[in-house]
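# Examining the three-dimensional arrangement
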Amino acid sequence: MNAWRFKFRASEVAVMYFTMLGTLVLILVASYQAAGSGGDPFPYQVPLDPQGNLQLSWNISYPLQELCFRLLVKDLRYGVLFGMSDRGEFLNADLAVLWSDGFKSYFGDAWSDAQGNIRLDEKQNYELLETHRAPEGFYLLFKRPFSTCDPKDYLIEEGTVHLLYGVLDRPVTSLQMLNHSLASCGVQRVQLLRPDIPAPRLPPDVRTLEVLAPSVSIPSQETTYWCHIYELPAHMPKNHIVMYESVITPGNEAIVHHIEVFECAPQFDSVPQYSGPCDSKMKPRSINYCRHVLAAWAMGAQAFYYPDDAGLALGGTGSSRFLRLEVHYHNPLLLTDTGRAASKPTKPFPTPSQLRFDFGAVSFLVRTGVWSVVEEVSKSARLPAVTVSPRTSQALSPEGIKVFASQLHTHLTGRSVRTALVRQGREVEILQEDNHFSTHYQIIRTLKKMVKVLPGDVLLTKCVYNTADRDRATVGGFGIEEEMCVNYIHYYPRTDLELCKSHVDEDYLQKYFSFINRFQGKETCNCNQATVTDQFATLRWDQFSKDVLKSLYNTAPISMHCNQSSAVMFPGEWERQELPQVTAELPKPHYRCETSSQPPAQPSEAIEVQMRSQP
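What counts and what doesn't
Residues numbered from 1 in each chain as written. Predicted model: local features only at pLDDT ≥ 70, side-chain atom pairs only at ≥ 80, totals over all residues. Heavy atoms only, no water. Helix = DSSP H or I, 4+ residues; strand = E, 2+ residues; numbered from the N terminus. Buried < 20%, exposed > 50% of the residue type's maximum accessible area, 1.4 Å probe, protein only. Contact = heavy atoms within 4.5 Å. Areas by Shrake-Rupley, 256 points an atom, 1.4 Å probe, with all protein chains shown as cover. Salt bridge = Lys/Arg side-chain N within 4 Å of Asp/Glu carboxyl O. Pairing = 2+ DSSP bridges. Axes fitted to C-alpha atoms, helices over the stretch in contact; angles between N-to-C directions. Parallel < 35°, antiparallel > 145°, perpendicular 65-115°, else oblique. Left-handed = near helix turned anticlockwise from the far one by under 90°. Nonpolar A, V, L, I, M, F, W, Y, C, P; charged D, E, K, R; others polar. Patch = residues over 30% accessible without salt bridge, like charges linked within 9 Å, V, L, I, M, F, W, Y side chains within 5 Å. Core = buried A, V, L, I, M, F, W, Y, C linked by side-chain atoms within 4.5 Å. Disulfide = S-S within 2.5 Å. Expected span 1.5 Å × (residues − 1). Arc of directions from axis to C-beta. pLDDT = per-residue confidence, 0-100.

Counting its secondary structure elements, the protein chain contains three helices and 34 strands. Within the protein chain, buried positions represent 54% of all 615 residues. Once local pairs closer than 6 in sequence are excluded, the contacts in the protein chain between residues at least 24 apart make up 78%. By element, 51% of the accessible surface of the protein chain is carried by carbon and sulfur atoms, the whole surface being about 28100 Å².

Here's what the structure looks like:
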């Protein structure tokens, strides 16, 4: 069983009676108690491996700029690897290693070279705190600063972190004899640095809506996307969702990669019932129109809370009765398992309270036309693509809006995404920055603090891609082999602004094709007849054509396309707008290791650990 659990308040005084419909249950509750209220010193946790043998928990100290990790190894044999790297690679990785020669055991801060050989680091920045055995397994507690100023160490930043793990199944007589290929290794993605925001206390009249997937026999394949359609009760009045969290059958935590819930387009009077693979040719076509994101969760994410005075409207006039639940099962070991949904009827309660504001979401993206995002081909360096907000005075009241969360999005070649609030040419806030972005870990993330956007402000989103493994230009589009650059901004109070796209002016792009074709000695140019994709495919890619294209994207005017919630464009002139200029960027974060007062790291020496090897 996999589900979303929403908490919401009704905005109308009504008594609603619901029954089980398929595999979705609406449970009405009188109170809510936040998970973790028992005072767990390690509030964040994630399973590292698909079998659940390695369980990682951690806490964060922003004043000390350090993380404390607790690693539970349920079946410890001769050691374990844990670490981080830029993209999840085991070469040139930053590692903490516990290893045993069969008689004695050791712990040390290490790194792997370009061949995957493990070396003890000259500076021991992983500090061992404690080891002990318990009935559930072996516990290893250690800590590490966000930054160590050691070039061999990984810089822990906000955004996605690629965690590495490995289990040693044989004795290691010397760390120098160890190569990562000797361990059963894997990668897990997680957001280590979370905003230091306490969970709000929910009112006693919240109700619980569980959107459950049915019992699913997970196929014996690495990746499965499972879609399930649910119909909300008829005449459901308007409610406000105030939080949501995942519900996963115990034992399946390590293979449920992420879950999303989408609302279908309200113009559909009905959507056929469907529960099966999302890529099945048998799925109803109307499922493709269920795209409005209500919730997004990925492994390691906690419950998501809306601000005290705002919520996501669900039900009532203009709302769809149909939801699409999408579950991504990641099953690299080709395991088989079955989730089971269980529920019980409960008594309904009236919910008279109302929230002041409706939550809103708007997409800022590079337009998904073929001229919008173009990458260099083969062995390429990373080339940025830029998208900006509209002239926000067209959409916002003088008081502006408050942004409290966002969700970044690219396709397969995206490597980093950054959205900055620019006011009068100067950066004033970073909404979100992910320098290790992965399309496999896309969640709605709460901002560290509320960001106020005023009329006339610009939201500037920049995506960086890597297409070195491709032999053709990558263009913009909805296809997985095409690209996007998107930030879904979550804010309140809700406005009419629904969607805004930008792309380089098409006439300027055609001038680029004409110029490059003539420079490369082509007699004629059929630029106006051929598609943009075909024109890129026929170019001879050399450093000059790449440099000119990069210059075009950095200087050419852009065309905007900004819609109201009615799908009608905002009035005004949106063609050939000047690319926003940033005259002052915000400084980079300052770390404690950059000051002379920071205590020196321990010398290069492993620590002996008391642990019993198991055959």
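Pairing between side chains of opposite charge can happen when the charged atoms of each approach one another. Taken as a whole and assessed by the stated rule, the structure comprises 15 salt bridges. The closest approach of N and O atoms between R119 and D113, which form a salt bridge, is 4.0 Å. One salt bridge in this structure joins E127 and K143, with 3.9 Å as the shortest N-O distance. Within this pair, whereas E127 is found in strand 10 (residues 127-134), its partner K143 is found in strand 11 (residues 137-145), the two being separated by 16 residues in sequence. Using a relative accessible area of 41% as the deciding quantity, one classes E127 as partly exposed. Overlapping salt bridges, with partners in common, bring together E66, E127 and K143 in one network.

Let us now look at the sheet that holds strand 18 (residues 275-277). One open sheet holds the five strands; their spatial order is 18-15-22-17-19, and the pairing between them is antiparallel. Each having just a single partner strand, strand 18 and strand 19 (292-298) make up the two edges of the open sheet. Going from strand to strand, the sheet's axes swing by 15° on average, the running direction of each strand aside. Pairing of strand 15 (residues 223-231) with strand 18 involves three bridges; the strand directions are antiparallel. Bridge pairing in strand 18 places W226 opposite P277.

The N-to-C vectors of helix 1 (residues 506-519) and helix 3 (residues 543-555) enclose an angle of 160°; their axes lie 11 Å apart at closest approach. On the basis of their axis angle, the class for helix 1 and helix 3 is roughly antiparallel. Relative to helix 3, helix 1 is oriented so that their crossing is right-handed. When helix 1 is examined against helix 3, the residues Y508, L509, Y512, F515, I516 and F519 are found in contact with a partner set consisting of F544, S545, V548, L549 and L552. Classifying every residue of the contact of helix 1 with helix 3 by side-chain character gives 10 nonpolar, one polar and no charged.

Let us look at a nonpolar patch on the surface. The grouping of F515, F519 and F544 at the surface amounts to a nonpolar patch, some 300 Å² of accessible area in total. For F544, the location among the structural elements is in helix 3.

As a further point, take unusual backbone geometry. For the peptide bond that leads from Y492 to P493, omega is -5°, which places it in the cis range. Looking at where P493 falls in the secondary structure, it is placed in the loop between strand 31 (486-492) and strand 32 (497-504). One non-glycine residue, Q65, adopts positive backbone phi at about 55°. Within the secondary structure, Q65 is located in the loop between strand 4 (54-61) and strand 5 (66-73). Phi angles above zero are rare outside glycine, and H235 is one such case at about 60°.

In terms of nonpolar packing, the biggest core is built from 85 residues, with W58, L71 and L192 touching the most fellow members. No other element matches the six residues that strand 19 contributes to this core. Ignoring any residue separated from it by four or fewer positions in sequence, one finds L192 in contact with W58, I60, L67, F69, M84, I156, G159, V161 and L163. In this structure, L95, V97, V172 and A183 belong to the second largest nonpolar core, which totals 15 residues.

This part is about the state of the cysteines. Such a bond, covalent and formed between the sulfur atoms of two cysteines, is termed a disulfide. For the structure shown, the criterion picks out four disulfides. Note that C227 is cross-linked by a disulfide to C278, the S-S spacing being 2.0 Å. Judged by the torsion about the S-S bond (110°), the C227/C278 disulfide is right-handed. You can see C227 sitting in strand 15 and its partner C278 sitting in the loop between strand 18 and strand 19, a full 51 residues away along the chain. Across this residue pair, the class does not change: C227 and C278 are buried.

In a regular helix each residue adds 1.5 Å, so 13 residues correspond to 18 Å; helix 3 covers 18 Å between its end C-alpha atoms and thus fits that length. Residues of helix 3 that are buried include every one of S545, K546, L549, L552 and Y553, and no others. Within helix 3, the buried residues cover an arc of 120° as seen down the axis, which keeps them to one side. Among the exposed residues of helix 3, those oriented more than 90 degrees off its buried face are Q543 and T555. On its buried face, helix 3 is in contact with strand 32, helix 1 and helix 2 (532-538).

Among the nine residues of strand 22 (residues 322-330), eight are classified as buried, and the element is accordingly described as predominantly covered. Across nine bridges, strand 15 lies against strand 22 in antiparallel orientation. Along strand 22, the bridge assignment pairs Y230 with L323. Pairing between strand 17 (residues 256-263) and strand 22: seven bridges, direction antiparallel. Paired with V261 across the strands is L325, a residue of strand 22.

Right, let's get into the pairing of strand 10. One ladder, built from seven bridges, connects strand 10 with strand 11; its direction is antiparallel. Residue pairing across strands places T131 opposite L140, the latter belonging to strand 11. Adjacent in sequence and paired antiparallel, strand 10 and strand 11 are bridged by two residues.

Taken residue by residue, the protein chain gives an average pLDDT of 76. The fraction at 70 or more is 79%. In the model of the protein chain, strand 2 (residues 24-28) stands out as the element of lowest mean pLDDT, 21, in contrast to strand 5, which has the highest, 96. Between residues 9-38, whose pLDDT stays under 50, and residues either more than four places distant or in other chains, the model counts 86 contacts. Considering only residues more than four positions removed or in separate chains, one finds that residues 366-390, a stretch of pLDDT under 50, has 114 contacts.

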